[in-house]
Amino acid sequence: MVQLKTTEEIEAMRPACQVAANTLVMIEEYIKPGITTEKINEIVHEYTLEHGGIPAPLNYRGFPKSVCTSVNHVVCHGIPDKKKLKDGDIINVDVTTIIDGWHGDTSKTFYVGKPKVRAQKLTEVAREALQIGIDVVKPGATLGDIGYAIQSFVEKNRFSVVREYCGHGIGRVFHEEPQVVHFGKQGEGMEIKEGMVFTIEPMVNAGKHAVKVLNDGWTVVTRDRGLSAQFEHTIAVRKDGAEILTLPTIKG
Ligand code: MF3
Ligand code: CO
Ligand code: CO
């Protein structure tokens, strides 16, 4: 069952969505060669509390940290640790904030120092894939239309779309229905309705789409060890299209 949100409920989600988005703006200046992902975790954790939020990942189904940090061939759910970032790495920082019981979920891939040509191309395709997916959203379109738009754009660029992880409904619950897959066929899947609130978060791989989970039970990596990039927004379906709830309200 997909639960549609009233205008008031969507308004109530704004603070969580804005703090999550602002966290990504705030963190950018720290993403430099030499910083550890544990330090990024600490800064995100503190910032979230200072802004009246709770970091949703912490203890979510046993996740041990407050943010996901996914470096290079890590697709998603990377666990912050003592390893230092190096020049030329790419890192996805995935922030989910809870305020007044509502969740806001957004992520972005950053360059560490100067990106390599292929990493930059991959990252820019992932960024555009999210926007292309968002542009499809309107009442009457289907979830398959979103997946089709994203998959055809990514594959036209000779990259691949991860199948095992998807966008999701979000509200008082972190992950709720519907599942928003990033591949598919036009006209298939659930009809999009005004009042739906969900994430779109395509994971784009430089090589093949296959992934595996490491022994820590969380870290998802590409099977071929190729690079992976991802961007995510939380969106609300309005009468005339998607409204992105996770737009930042601060400048970097
Ligand atoms: N933020 C991720 C998403 O986009 C989920 C992370 S779950 C966690 O859905 F436990 F790893 F934090
Ligand atoms: Co999400
Ligand atoms: Co997320």
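Residues numbered from 1 in each chain as written. Chains lettered and ligands numbered in written order. Predicted model: local features only at pLDDT ≥ 70, side-chain atom pairs only at ≥ 80, totals over all residues. Heavy atoms only, no water.

1. Notes on the coordination of the cobalt ion (ligand 3)
Then comes step 1: Protein ligation of the cobalt ion (ligand 3) involves Asp94 (OD), Asp94 (OD), Asp105 (OD) and Glu232 (OE), the donor distances falling in the range 2.1 to 2.4 Å.
Then comes step 2: Seen from the cobalt ion (ligand 3), its six donor atoms lie at angles of 57 to 166°, and the figure they make is irregular.
Then comes step 3: For the cobalt ion (ligand 3), the donor residues sit on a single chain with the sequence spacing D-x10-D-x126-E.
Then comes step 4: For the pair the cobalt ion (ligand 3) and the cobalt ion (ligand 2), the metal-to-metal distance amounts to 3.3 Å, and Asp105 bridges them. Within this pair, whereas Asp94 is found in strand E4 (residues 90-99), its partner Glu232 is found in the loop between strand E13 (228-230) and strand E14 (233-238), the two being separated by 138 residues in sequence. Like Asp94, the residue Glu232 is buried in the burial classification. (Donors = N, O, S within 2.8 Å, 3.2 Å for Na, K, Ca; no water. Tetrahedral: all angles 85-135°; square planar, octahedral: opposite > 155°, others 65-115°. Helix = DSSP H or I, 4+ residues; strand = E, 2+ residues; numbered from the N terminus. Buried < 20%, exposed > 50% of the residue type's maximum accessible area, 1.4 Å probe, protein only.)

2. A closer look at the pairing of strand E5 (residues 102-111)
Then comes step 1: For E5, the tally of buried residues reaches eight of ten residues, placing the bulk of the element in the interior.
Then comes step 2: Of the pairings in the sheet, the one linking E4 to E5 comprises ten bridges and is antiparallel in character. Directly across from Asn92, in E5, lies its bridge partner Thr109.
Then comes step 3: The turn joining E4 and E5, which pair antiparallel and follow one another in sequence, is formed by two residues; a positive phi near 50° is taken by Asp100. (Pairing = 2+ DSSP bridges.)

3. Considering unusual backbone geometry
Then comes step 1: For the peptide bond that leads from Glu177 to Pro178, omega is 5°, which places it in the cis range.
Then comes step 2: The residue Pro178 is located in strand E8 (residues 176-180) in this model.
Then comes step 3: Unlike most non-glycine residues, Asn59 shows phi in positive territory, near 70°.
Then comes step 4: If you trace the backbone, Asn59 turns up in the loop between strand E1 (54-55) and strand E2 (68-71).
Then comes step 5: We classify Asn59 as exposed; its relative accessible area is 60%.
Then comes step 6: You will see that Asn72, though not glycine, has its phi angle at about 55°, which is positive.
Then comes step 7: Take Asn72: it is sitting in the loop between E2 and strand E3 (74-76).

4. Describing the coordination of the cobalt ion (ligand 2)
Then comes step 1: The cobalt ion (ligand 2) binds to the protein through Asp105 (OD), His168 (NE2), Glu201 (OE) and Glu232 (OE), with metal-donor distances spanning 2.0 to 2.2 Å.
Then comes step 2: One can describe the site at the cobalt ion (ligand 2) as irregular: its six donor atoms subtend angles covering 52 to 160° at the metal.

5. Describing the nonpolar core
Then comes step 1: By size, the foremost hydrophobic cluster in this structure holds 30 residues, and its most contacted members are Val137, Ile146, Val154, Ile192, Phe198 and Ile200.
Then comes step 2: Within the residue set of this core, elements represented by two or more residues are helix H3 (117-136), helix H4 (143-156), strand E9 (197-200) and E14.
Then comes step 3: When residues in this core are grouped by element, the largest group, seven residues, is from H3.
Then comes step 4: Apart from the residues lying within four places of it in its own chain, the contact partners of Ile192 are Val137, Lys138, Pro139, Gly140, Ala141, Thr142, Leu143, Ile146 and Val237. (Core = buried A, V, L, I, M, F, W, Y, C linked by side-chain atoms within 4.5 Å. Contact = heavy atoms within 4.5 Å.)

6. Focus on the pairing of E14
Then comes step 1: Of all six residues that make up E14, six are buried, and the element is covered over most of its length.
Then comes step 2: Residues His233, Ile235 and Val237 point to one face of E14 and Thr234, Ala236 and Arg238 to the other, with burial holding for every one of them.
Then comes step 3: The pairing of E9 with E14 spans four bridges and is classified as antiparallel. Residue pairing for E14: Val197 is matched across the bridge by Ala236.
Then comes step 4: Sheet analysis places E14 next to strand E15 (residues 241-244), joined by four bridges and oriented antiparallel. Counted as the bridge partner of Ile235 is Ile244 from E15.
Then comes step 5: Taking the residues that link successive antiparallel strands as the turn, the E14-E15 hairpin has two residues.

7. Some details on the sheet that holds strand E11 (residues 211-213)
Then comes step 1: Across the sheet, which stays open at both edges, the three strands sit in the order E3-E12-E11 with antiparallel pairing between neighbours. With one partner strand each, in any of the chains shown, E3 and E11 form the two edges of the open sheet. Here the strands of the sheet are splayed against their neighbours by 40° on average, with no regard to which way each runs. (Axes fitted to C-alpha atoms, helices over the stretch in contact; angles between N-to-C directions.)

8. Re the side chain of Gln230
Then comes step 1: Counting through the fold element by element, Gln230 comes out in strand E13.
Then comes step 2: At 2.9 Å, the side chain of Gln230 forms a polar contact with the backbone oxygen of Glu201.
Then comes step 3: If we ignore the near neighbours within four places in the chain, the residues touching Gln230 are Val75, Cys76, Asn92, Ser107, Lys108, Thr109, Ala126, Glu201, Pro202 and Met203. (Polar contact = N/O pair within 3.5 Å; in protein donor to acceptor, adjacent residues only side chain to side chain.)

9. Observations concerning the site of ligand 1
Then comes step 1: Around ligand 1, the surrounding shell holds 14 residues, and the nearest of these are Asp94, His168, His175, Glu201 and Glu232.
Then comes step 2: Considering ligand 1 on its own, with 330 Å² of exposed area, one finds that the protein chains cover 97% of that surface.
Then comes step 3: Tallied by class, the residues present in the shell around ligand 1 amount to six nonpolar, four polar and four charged. (Near = heavy atom within 4 Å. Areas by Shrake-Rupley, 256 points an atom, 1.4 Å probe, with all protein chains shown as cover. Nonpolar A, V, L, I, M, F, W, Y, C, P; charged D, E, K, R; others polar.)

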